[in-house]
Structures are given as structure tokens and as C-alpha cells.
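Here's the letter readout for the chains.
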Amino acid sequence: MLEKEFGFQDLITFSNKGVYDIAPFIKDGYFTHKNNDLKITAQGYNFFSEYLNKNTKKIPNIFLFLCGLLANLAYISKIKKDDKTLCNIIKKYHKEIIKELENLSADILKPFSNFDIDFNSGIEIFDFISSRPFRHINRNGLWGLGYVMLYLGLSCPIAFAQWFTDTKRRDLQNIYLYFLLDSSFTDTFTSKEFLNSASPILRIITLLKYYPVLRNNIVFEKKFDIASLNGKLKSNNSIENLIIYILFFQKNFWAKTNHTLSEDKQFSQALKVFSSSSFKKSLNQKTFKDLHHRLYPISQWTFLINELDDDEIKKELMELQTKNILEHTQNISGMPTELDMANIIELEKIAQSVPDINILEQVEQTFNRISRKAFLPYTYFRDYNLWISSCVQCLLLLIPLYNIAKDNKEFGKFPWKTQYLTIKGKYKYYSEELEKLEHKILQSLP
């Protein structure tokens, strides 16, 4: 209801010689009032806009007048706005407006005081934006305030971003984000200058404006060139650029095997972007641990790790990659997918590319641990499905075990195949697919 909007009464009062009376404005055709529903007309909006432009020095409180004026935008469609003049006025009075914001009663914004995130954590911010935590809050009564903050950020982005970073008013930050993250507003009101601000969340929202890589994007889907992350359209924080790139990778190459990717031109181009980027230096143990679940299959990470220049970091990440693949293998419970097999094969590639890592030992330790568990007496193990899962996992691990060790002089004497046959015994998988897979794998071993 327009009359209940914050600042609306002040708009009328300031424009009507200090008296709150809507009747003369309805009479002049500036508002319509039907069925207790008050709406401003295009003529009315133009009147108040011109009044603002001509009487800025006479208006007792520019902030409240603006809130009242802009609240009308939520109740009218097809209106031409003079955004340039409006932005110039806001830019001129931005210090007064920010001061009024800081003095705003916390009771007005109470629904927005219950959201608290770490605005300095890139990963948490991306998850926060993706979850859209404000969407269930009713913004009626606060349209004008929201619009004023949007136009404030658009008119003087540097000063606004500095205030946004420094303010202790989390409720004000939250209501601004509530409006900015509305897909109707993000593209229009997000300034490119936010990319250089000290505020991580403003930088990230701006990145997501130009690189819509989230599943639930904050702007309408549009084409973009990921190569521009190496140019001007990037954050001053390299970790944020890395996250954008990983999300792009996730969105475009999810569940694609290495074989498929090797024939994908977009993938080849994306890999070149990473290779020539400055943000690839931000891929380290911490960021890898934070982001590793974003790519599937896990084997996709190896492409990126291989593009790193620091051999020590590359080795550390390959060790983590090995650990992740082995953990993933231990979660396979039935017929492995093509992507599961891609991860298994990746162990051999890691062993070849980074010989300093004893991949064979790690795979063997995992194999022995699973096989010992599978060999426990039935009275202990009991769960047939769990036993089958252990057998499948051991069967798969036979592939990298023998392929990694094939150049060893003792190759033909390794006991792993015998261990597998011992735990499997005479029992069948009761799955034709698994039986065929077992036959294929065992036939390839010495």
C-alpha cells in the first residue's frame, strides 16, 4: 500500500507547504484513488521529479523526499524516468543521504538484522548469494529506501562502496543486498567500479553480473567471454577470480569425461585462459580443499593442476587429488559409472606425471584396508550389500595397482589379484554388468 511506504508522507508534506494531504494531488491528476488503492500517475511522478530538481535547497530532508518519490516506482509501470538528473542530485547530496541512513531507526529494518555472514570469505559469499536468503521477506513499506540505496550505489559507487565496507549497520547492508540481488535490479544498478572496492561481496556480485556462472544466476542469462578474466573485467582479489573460473568450469563441463573433454574446443580454450591467468597462483592447498567438490569427475582437477608453474604446489595438490580419488572410490556401492572409471584411470596418470609421489603405496594401503574388512567373518560383516561394495572397490583398485607397477621386476608376483579372488570367493555379484566388468578386468591382469 503506497501510503504505508517509508518516506511517502514526507514526500506529500514537503511538496504541500508542510501539510500531509493527498486530496489536492488527486484533484490535479497526480494520483488515482480507486477501491482504496492509491497509485501515482506518470504526470504525478514528473511533477514530483521536477519539484525535487527545482527545490532541492528548500526541501527539509532530501533523503526522505527521495524515499517517498522512489517508492512510487513499485506501484507504477511504463514511466519515463530522468535517471541522469536523479543521479546528479543524489551524487550532490550523497553525504547527507549516507548520514540519514546511518541514523535510521533499527526497528524499521528489523527483518534484515537476522542475517549474518562473513563478508570477507569468498566461498561463503558465493554460497550466500546462491541461496538468496532474503527472498521470503516482504519488502512492502521499504521500496523507496531500497531504490534510494540502489541509486546511491549507481551515482557514486566509490563513496558508496567505502561506506558499505565501513558501516556497522548490518541491517542496512542486508537490505541493499536484498534489492541488488533481485534479478530485476542487478544488471542495472551494479557498478563496474565495485570490482576495485574493498568490499568482497560487492566485488563478487559485480563479477557475477559479468560472469553468470551460478545455477541460479543473479542476472538474466547472457553470453560472456571467460577470457576477459585475464583482462579488465576482473576483481582485484585473485581468489575471487579463481572461484568464478571454477564455477564456469563446473557449469560448462560437469559430468564430462576426459575423453569427451579432449575433443571439446570450448574446454581447450578455457584451459588456455587458466594457463595464461594470474589467478591460477591462487590455486593452493586451501583453495583446492574449499573448491574440490565443485568439479565432477574429480579427474578434471588434474587438467588445471598440470597448468601450474610451481612444482611444489603441483605436487601438494596431486597428493590431495590422489586422496580425494581414493575416498571417492570407497563410496562406490554398485556398478561403477564411466566417471568413476575416469577417476580410477587418473591415479595412473598422476603416478606418471609426478613420480615423486608414491601413488602405488597409497593405492595399495587403501586396497588392503578394504580387502581386510571384506574378509571379516559373516557374523561380523553381515551386510551383504556392504560386502559387495567392498569387492567392487577392490576390483577397481586392481587396475591402477597393476598398471602403475607394470614396470616393476616383481610385476608377476604381486598378490593383489589373489587377495581379490580370496575375498570374492565363489560368490557372484548377481549383476550381469558387474560380472562382465570383473571378467574384463581380471583378464587384463597377469
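Reading guide: rules and limits
Residues numbered from 1 in each chain as written. Predicted model: local features only at pLDDT ≥ 70, side-chain atom pairs only at ≥ 80, totals over all residues. Heavy atoms only, no water. Helix = DSSP H or I, 4+ residues; strand = E, 2+ residues; numbered from the N terminus. Rg over C-alpha atoms; globule rule 2.2 N^0.38 Å. Contact = heavy atoms within 4.5 Å. Areas by Shrake-Rupley, 256 points an atom, 1.4 Å probe, with all protein chains shown as cover. Salt bridge = Lys/Arg side-chain N within 4 Å of Asp/Glu carboxyl O. Buried < 20%, exposed > 50% of the residue type's maximum accessible area, 1.4 Å probe, protein only. Phe/Tyr/Trp six-rings, centres within 6.5 Å; stacked < 30°, edge-to-face > 60°. Lys NZ or Arg CZ within 6 Å of the ring centre and 35° of its normal. pLDDT = per-residue confidence, 0-100. Core = buried A, V, L, I, M, F, W, Y, C linked by side-chain atoms within 4.5 Å. Pairing = 2+ DSSP bridges. Axes fitted to C-alpha atoms, helices over the stretch in contact; angles between N-to-C directions. Parallel < 35°, antiparallel > 145°, perpendicular 65-115°, else oblique. Left-handed = near helix turned anticlockwise from the far one by under 90°. Arc of directions from axis to C-beta.

Participant: Could you give me a rundown of the overall build of the protein, with the residues and numbers involved?
Facilitator: Assigned secondary structure in the protein consists of 24 helices and two strands. Here the C-alpha radius of gyration of the protein, 31 Å, is well above what a compact globule of 446 residues would show, namely 22 Å. Considering only contacts within the protein whose residues lie at least 6 apart along the sequence, 69% involve residues at least 24 apart. Carbon and sulfur atoms provide 49% of the accessible area of the protein, an area that totals close to 22,400 Å².

Participant: Explain the pattern of salt bridges to me, using residue names and the numbers behind them.
Facilitator: Tallied over the entire structure, the rule returns nine salt bridges. For Asp171, the salt bridge goes to Arg169, with nearest N and O atoms at 3.0 Å. Judged on exposure class, the residue Asp171 and its partner Arg169 are both buried. Its salt-bridge partner being Asp309, residue Lys280 comes within 3.3 Å of it at the nearest N-O pair. Of this pair, Lys280 sits in the loop between helix 15 (265-275) and helix 16 (285-291) while Asp309 is found in the loop between helix 17 (300-305) and helix 18 (311-329), placing the two residues 29 residues apart along the sequence. Judged by its relative accessible area of 6%, Lys280 is buried.

Participant: Residue-level account of the packing of aromatic side chains, with values.
Facilitator: Following the criterion strictly, the structure yields 40 aromatic pairs and no others. Ring geometry for Phe8 against Phe31: centres 5.8 Å apart, planes inclined by 80°, an arrangement best described as edge-to-face. Of this pair, Phe8 sits in helix 1 (residues 8-15) while Phe31 is found in strand 1 (residues 31-34), placing the two residues 23 residues apart along the sequence. Look at Phe31 and you get buried, because its relative accessible area is 2%. Through a chain of ring-to-ring contacts, the aromatic side chains of Tyr211, Phe224, Tyr245, Phe248, Phe249, Phe253, Phe267, Phe274, Phe279 and Phe303 assemble into a single cluster. We note Arg215 situated over the ring of Trp254; from NZ or CZ to the ring centre the distance is 5.7 Å.

Participant: For the confidence of the model for the protein, give the residues involved together with the corresponding values.
Facilitator: When pLDDT is low, close inspection of the predicted coordinates is not appropriate. Chain-level pLDDT for the protein is 91 on average; 98% of the residues reach the 70-or-more range. Within the protein, the element-level pLDDT minimum falls on helix 21 (residues 378-381), averaging 53, and the maximum on helix 6 (residues 94-102), averaging 98.

Participant: Talk me through the nonpolar core; I want residue IDs and the actual numbers.
Facilitator: Phe31, Ile129, Leu145 and Tyr245 are the most contacted members of the largest nonpolar core, which has 154 residues in total. For this core, the element with the most residues is helix 22 (residues 384-404), which contributes 12 residues. Among residues more than four places away in sequence, those in contact with Phe31 are Leu2, Phe8, Ile12, Ile22, Phe25, Ile26, Leu38, Lys39, Ile40, Thr41, Phe48 and Asn72.

Participant: Quick rundown of the pairing of strand 2 (residues 37-40)? Include the residues and the values.
Facilitator: Within a regular strand, the side chains alternate between the two sheet faces. Side chains Leu38 and Ile40 project from strand 2 onto a buried face, and the interleaved Asp37 and Lys39 project onto a face without burial. Between strand 1 and strand 2, which pair antiparallel one after the other, the connecting turn spans two residues, and Asn35 there sits at a positive phi close to 50°.

Participant: So, the packing of helix 19 (residues 338-353) against helix 22: which residues are in play, and what are the values?
Facilitator: Two elements in contact, helix 19 and helix 22, have axes whose closest approach is 9 Å; the angle formed by their N-to-C orientations is 20°. Taken together, the axes of helix 19 and helix 22 lie roughly parallel to each other. Seen from above, helix 19 lies across helix 22 with right-handed handedness. The segment helix 19 lies against helix 22, with Met341, Ile344, Leu347, Glu348 and Ala351 engaging Leu396, Leu397, Ile399, Pro400, Asn403 and Ile404.

Participant: Explain the environment of Lys81 to me, and be specific about the residues and the numbers.
Facilitator: Examined against the element boundaries, Lys81 turns out to sit in the loop between helix 4 (62-71) and helix 5 (83-92). Measuring from C-alpha to C-alpha, the distance between Lys81 and Asn46 comes to 8.1 Å, with 35 residues separating the pair along the chain. Dropping the residues within four chain positions of it, Lys81 is found in contact with Tyr45, Leu73 and Tyr151.

Participant: Give me unusual backbone geometry: which residues, what numbers.
Facilitator: Excluding glycine, most residues fall at negative phi; most peptide bonds, likewise, are trans. Geometrically, the link from Tyr296 to Pro297 is a cis peptide bond, its omega value of 0° lying close to zero. Relative to the helices and strands, Pro297 is located in the loop between helix 16 and helix 17. With a phi close to 60°, Asn36 is a non-glycine residue in the positive phi region. Mapped onto the elements of the fold, Asn36 is located in the loop between strand 1 and strand 2.

Participant: Residues and numbers for helix 7 (residues 122-131), please.
Facilitator: Inspection of helix 7 places Gly122, Ile125, Phe126, Phe128 and Ile129 among the buried residues, and these make up the whole buried set. The buried residues of helix 7 occupy an angular sector of 160° when the element is viewed end-on, so they sit on one face. Against the buried residues of helix 7 lie helix 10 (170-180), helix 12 (200-210) and helix 13 (238-253). Phi turns positive, to about 45°, at Arg132, one or two residues after helix 7.

Participant: Explain the environment of Asn241 to me, using residue names and the numbers behind them.
Facilitator: With respect to the helices and strands, Asn241 occurs in helix 13. Taking the C-alpha atoms as reference points, Asn241 and Leu2, 239 residues apart in sequence, are found 42 Å from one another. Once residues lying within four places of it in the same chain are set aside, the contact partners of Asn241 are Leu207, Leu229, Lys234, Ser235 and Phe279.

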